[in-house]
Amino acid sequence: MVFKHDYRYAVLKYIVDLGFRFNFRKLVYIDKKNIPDDVPIIFAPTHRNAVMDGLAEVYISSKKQVVFLARADIFGNKFVDWLLEGLKILPIYRLRDGQENLDKNVQIFKDCKTVLDNGNALCLFPEAKHNPKQSLLPLQKGIARIAIQTEALSDFKQNINIVPVSIFYTEKQAFLSDVYVTFGQPIKVSEYKKYYEENPNLAVNQLRNDLDARLRLTTVDISNDPYYNFYTYCLDLAGEEVAKKHFPKDKDRLVKAYRAIDNKLDDLYENDRPKFLEITDDFGRAYSILRSYHLDTKDKIKKPKTCCGILLRILSLIISLPIALYGFINTIFPILIYILLRKKIKDVQFIASIRTVLGIVALPIFYVLQAVILGIVTHNWLWALYYFISMPLTFYFASYWRKWCKQIPRMIKVRKFARRHKEDWEYVLSVTKFEI
């Protein structure tokens, strides 16, 4: 049964955790104290990065095996279905999956009730689909309906808590980027009894609206769509400065800075439109200047590297090249598989998910096979063990080496920009001094 402890989940969780952790340079969980103990929980995360958002919940599920609802079209293969069942992923059917399949959701909702009845955690994405933009989509009624109906069957004494979860990626598709997962204040579903007694639909709508409000408290939500790009320029250029100035001691200072900037721009748009237009013009001009010199708003333009610093970086990369090559060569087959799959991916939102899943599945298989082959050929299983341990460690270093190597041309461009076009550089710097 889906609510029972499953050995497949228990085993795969450790592999998933390792693969998920290695995918990011920085992995930060904020306000885990907001996750209640010993009560049925429904996690309600934002959905920015396909499978990665679900893995973020698996990573935090140390006590309870989280049960997920996912789109039904990923099911259909016997082995895949067996694996997804082990990972406690249930299908949810939409109209696009066929009108005849919608009735299957009745049993799925019953399974969700069973999960909550047994004190397990449930995870549903309230937006119902992933969103490439840094904004919150309108919430659907699925979570509210399941929670209200389940609580109603126990006369609102089951004490189900809905925990809003905001997931923020500094760069969604990039390897070794940063992710911040913030748990908001939980919503006690029992508090909606009076709405339910008045009208069940009223209770569902009120709960959905309250969940929307809780998510917006911790989410970077750029809702001003016509000016979306200008908001992102402002976040990229001014975010670190605002974080350093106003939230220096908070581990999620960058997320708080982004929210503060977003809120400030929204306030100016509503109450001081001339000032808002002046700011967007400034950031638009700064963006145009950077692009004219083949730079981007994410480049580190404030403190250009010295010539000596760049040369030292190049020298260190040359010295460490043999270790990086060792890591890449021993991982060449999974890398080639990833390159082939990436060419076939039409939705870039799935790039990080494919990379991580390959890291979780393919890397261990190839590393084990290569170590076993070495042991058979050399008859020295101790060296085979050393070889097995060295492969993931050197590949992880090689991944950083590649990232550091790609930064060199950017550093050189920033240095040239600051030295040869000082007036433009100083203008861009002046724009980054944003007051919230």
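Residues numbered from 1 in each chain as written. Predicted model: local features only at pLDDT ≥ 70, side-chain atom pairs only at ≥ 80, totals over all residues. Heavy atoms only, no water.

Asks: What should I look at first to understand the confidence of the model for the protein in this one?
Replies: As a note on interpretation, predicted positions should not be read in detail where pLDDT is low. With 96% of its residues at a pLDDT of 70 or more, the protein shows a mean pLDDT of 88. Taking the mean pLDDT of every element in the protein, the minimum, 72, falls on helix α3 (residues 78-86) and the maximum, 97, on helix α12 (residues 321-329). (pLDDT = per-residue confidence, 0-100. Helix = DSSP H or I, 4+ residues; strand = E, 2+ residues; numbered from the N terminus.)

Asks: Could you clarify how one ought to interpret the nonpolar core in this entry?
Replies: Across soluble globular proteins, nonpolar side chains have a tendency to be buried as a group. Counting residues in hydrophobic clusters, the biggest one holds 41 residues, and the most contacted among them are Ile261, Leu265, Phe283, Ile301, Val428 and Phe434. Breaking this core down by element, the ones donating at least two residues are β1 (24-30), α8 (228-246), α9 (253-271), α10 (273-292), α15 (381-420) and α16 (422-432). It is α8 that provides the largest number of residues to this core, a total of nine residues. Leave out the neighbours within four places in its chain, and Phe434 touches Cys234, Ala238, Val242, Ile261, Lys264, Leu265, Ile279 and Phe283. By size, the runner-up hydrophobic cluster in this structure holds 31 residues, among which are Leu55, Leu84, Tyr169 and Val181. (Core = buried A, V, L, I, M, F, W, Y, C linked by side-chain atoms within 4.5 Å. Buried < 20%, exposed > 50% of the residue type's maximum accessible area, 1.4 Å probe, protein only. Contact = heavy atoms within 4.5 Å.)

Asks: Before we go on, may I ask you to explain unusual backbone geometry in this structure?
Replies: Across the chain, the bulk of peptide bonds are trans and the bulk of non-glycine residues have phi less than zero. Residue His294 is not a glycine yet carries a positive backbone phi of 60 degrees. With respect to the secondary-structure elements, His294 resides in the loop between α10 and α11 (307-319). Overall, His294 belongs to the exposed group, its relative accessible area being 56%. The backbone of His379 sits at a positive phi, close to 60 degrees, despite the residue not being glycine. The class of His379 is exposed, set by a relative accessible area of 68%.

Asks: Sorry, what's going on with the pairing of strand β7 (residues 177-183) here?
Replies: Regular strands place their side chains on alternate faces of the sheet. Of all seven residues in β7, seven are buried, a share of seventy percent or more. Taken together, the six bridges between β1 and β7 define a ladder with parallel strand orientation. For Ile30, the partnering residue across the bridge sits in β7 and is Thr182. Bridging between strand β6 (residues 161-169) and β7 involves five bridges; their strand directions are antiparallel. Along β7, the bridge assignment pairs Phe168 with Tyr180. (Pairing = 2+ DSSP bridges.)

Asks: Would you mind showing me how to read the packing of helix α13 (residues 332-344) against helix α14 (residues 351-378) here?
Replies: Working note: a packed helix pair is described by the angle between its axes plus the distance between those axes. Interaxial distance between α13 and α14 falls to 9 Å at its minimum, and their mutual angle equals 150 degrees. By the angle between their axes, α13 is roughly antiparallel relative to α14. Every pair of crossing elements has a handedness; the one defined by α13 and α14 is right-handed. Between α13 and α14, the contacting residues are Phe333, Pro334, Ile337, Tyr338, Leu341 and Arg342 on the first element and Ile351, Ile354, Arg355, Leu358, Ala362, Leu363, Phe366 and Gln370 on the second. Partitioning the contact of α13 with α14 into residue classes produces 11 nonpolar, one polar and two charged. (Axes fitted to C-alpha atoms, helices over the stretch in contact; angles between N-to-C directions. Parallel < 35°, antiparallel > 145°, perpendicular 65-115°, else oblique. Left-handed = near helix turned anticlockwise from the far one by under 90°. Nonpolar A, V, L, I, M, F, W, Y, C, P; charged D, E, K, R; others polar.)

Asks: I would appreciate a short explanation of α9 in the present structure.
Replies: A turn of α-helix holds 3.6 residues, and therefore any two residues three or four places apart point the same way. An ideal rise of 1.5 Å per residue puts 27 Å on 19 residues; α9 measures up with 26 Å between its terminal C-alpha atoms. Along α9, the residues that are buried comprise Leu254, Val255, Ala257, Tyr258, Arg259, Ala260, Ile261, Asp262, Leu265 and Leu268. As for α9, its buried residues are in contact with β6, β7, α7 (200-218), α8 and α10. (Expected span 1.5 Å × (residues − 1).)

Asks: What exactly am I supposed to notice about the environment of Arg71 here?
Replies: With respect to the element layout, Arg71 can be found in strand β3 (residues 67-71). Each C-alpha atom, one on Arg71 and one on Asp262, is 31 Å from the other, the two residues being 191 residues apart in sequence.

Asks: Just to check I follow, could you spell out the pairing of strand β2 (residues 41-45) for this structure?
Replies: Burial analysis of β2 places five of its five residues in the buried class, the great majority of the element. Inspection of the sheet shows β2 paired to strand β5 (residues 121-123) by three bridges, in the parallel sense. Bridged to Ile41 within β5 is Ala121. Of the strand pairs in this sheet, β2 and β6 are connected by five bridges, and their pairing is parallel. From the neighbouring strand, Ala44 faces β6, where its bridge partner is Pro164.

Asks: In this structure, what is going on with the packing of helix α4 (residues 104-117) against helix α5 (residues 142-153)? I would like to understand it.
Replies: Their axes nearest at 10 Å, the elements α4 and α5 cross at an angle of 60 degrees. With respect to α5, the element α4 is oriented oblique. Taken as a pair, α4 and α5 cross one another with a handedness that is right-handed. Residue-level inspection shows Phe109, Cys112, Lys113, Leu116 and Asp117 of α4 in contact with α5, the latter providing Ile146, Thr150 and Leu153.

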